Amino acid sequence: MLSRGRKYRAAAALVLLLLIAWAAAPWVATASVPAAAWTVAETPKLIALTFDDGPRRSTTTALLDGLAERGVKATFFLIGKQLEDNEDLIRRMDAEGHQIGIHTYDHVSLTGLSKADFDAQVAVTRQKLMDILGHDGFLLRPPYGAVDDAVRKNAGCPIILWSIDPEDWGDQNAAREIEHVVANAKDGSIILLHDIFSPSVEAALAIVDRLHAQGYLFVTVEELFAARHITLEAGKVYRDAYP
């Protein structure tokens, strides 16, 4: 009998059949999305788990360990000033198949910034990630979900928001966060959590277990949109990939 992690990894492998031609992010190099490997009736419910404000060594490590045990891939939007001394964690994320994105350098609102100040938050973080990982293709999540025309113009990549937010930064109540996410989960949802809080890590792993039991398959943001045959475009805002 397959272990829980092996079973979920086998299911996740099906998603990769959709992504063979998705070799590079479409805003970096044009790539065609392959035809679906499933009929509509066979397509599993897909959902993306995303984390902001990390990395934080203690909590992010615990989260990565729990996700690895479950064979789950997530998307991490990282703070530039927290990359130093956490390079090994970032390389681990990348090596284990998680997607990495930008959440600015100092966690400031990007709206109303000059181009120079915007680049100090986004372009500098992008370059630091490229220096660590040796590749580009990072999505952007603006702090607070704040977007204006200048943010869209200057992003240089797709802008990813969310459809489920349990506001885990508030009371840090894992039980409440779990129930909120599970109650609001839909095929194509993007969940927002923060991997800098221990209760959020606890909640995230329980959410994975609960939604796996309901037939959901966890994928990265890029995999979610690729499976829906949606080409992510630079400067465009995305909140979900509902069928």
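Please read all numbers here as calculations on a predicted model, not as lab measurements.

Asks: Which parts of the structure should I look at to understand the overall build of the protein?
Replies: Each helix and strand counted, the protein has nine helices and eight strands in total. A total of 243 residues make up the protein; the buried ones form 51% of that total. Long-range contacts, defined as pairs at least 24 residues apart, comprise 74% of the intrachain contacts of the protein with a sequence gap of at least 6. When the accessible surface of the protein is totalled, it reaches about 10,400 Å², and 52% of it is carbon and sulfur.

Asks: What's the story with the packing of aromatic side chains in this structure? I'm lost.
Replies: Aromatic ring pairs are reported here in terms of the distance separating the ring centres and the angle at which the planes meet. By the definition in use, this model includes two aromatic pairs. Pairing phenylalanine 225 with tyrosine 238 gives two aromatic rings, centres 5.3 Å apart and planes at 70°, and the pair type is edge-to-face. Residue phenylalanine 225 is found in helix α9 (residues 221-227), and its partner tyrosine 238 is found in strand β8 (residues 237-238); the two are separated by 13 residues along the sequence. Judged by relative accessible area, which is 6%, tyrosine 238 ranks as buried. Over the face of the ring belonging to tyrosine 242 we find lysine 186, whose NZ or CZ atom lies 4.2 Å from the ring centre.

Asks: Help me understand the pattern of salt bridges, please; the structure alone is not making it clear to me.
Replies: Two side chains carrying opposite charge are able to pair once their charged atoms lie near each other. In the structure shown here, the tally under the stated rule is 12 salt bridges. With a closest N to O distance of 3.0 Å, glutamate 179 and arginine 210 form a salt bridge. In this pair, glutamate 179 is assigned in helix α7 (residues 174-184) and arginine 210 in helix α8 (residues 198-213), connecting sequence segments 31 residues apart. A relative accessible area of 43% places glutamate 179 in the partly exposed class. Arginine 228 is the partner of aspartate 187 in a salt bridge, and the nearest nitrogen-oxygen pair spans 2.2 Å. In this pair, aspartate 187 is assigned in the loop between α7 and β6 (190-194) and arginine 228 in the loop between α9 and β8, connecting sequence segments 41 residues apart. A network of salt bridges, in which partner residues are shared, links Asp65, Arg92 and Glu96.

Asks: How should I be thinking about the environment of histidine 103 in this particular structure?
Replies: Inspection of the secondary structure puts histidine 103 in the loop between β3 (99-102) and α4 (115-121). For histidine 103, a relative accessible area of 2% translates into the label buried. Contact partners of histidine 103, with chain neighbours within four places excluded, come to Asp52, Asp53, Phe77, Leu78, Ile79, Arg141, Pro142 and Pro143. There is a polar contact of 3.1 Å between the side chain of histidine 103 and the side chain of aspartate 53. Among the polar contacts made by the side chain of histidine 103, one reaches the side chain of histidine 107 at a distance of 3.3 Å.

Quick notes on the rules
- Residues numbered from 1 in each chain as written.
- Predicted model: local features only at pLDDT ≥ 70, side-chain atom pairs only at ≥ 80, totals over all residues.
- Heavy atoms only, no water.
- Helix = DSSP H or I, 4+ residues; strand = E, 2+ residues; numbered from the N terminus.
- Buried < 20%, exposed > 50% of the residue type's maximum accessible area, 1.4 Å probe, protein only.
- Contact = heavy atoms within 4.5 Å.
- Areas by Shrake-Rupley, 256 points an atom, 1.4 Å probe, with all protein chains shown as cover.
- Phe/Tyr/Trp six-rings, centres within 6.5 Å; stacked < 30°, edge-to-face > 60°.
- Lys NZ or Arg CZ within 6 Å of the ring centre and 35° of its normal.
- Salt bridge = Lys/Arg side-chain N within 4 Å of Asp/Glu carboxyl O.
- Polar contact = N/O pair within 3.5 Å; in protein donor to acceptor, adjacent residues only side chain to side chain.

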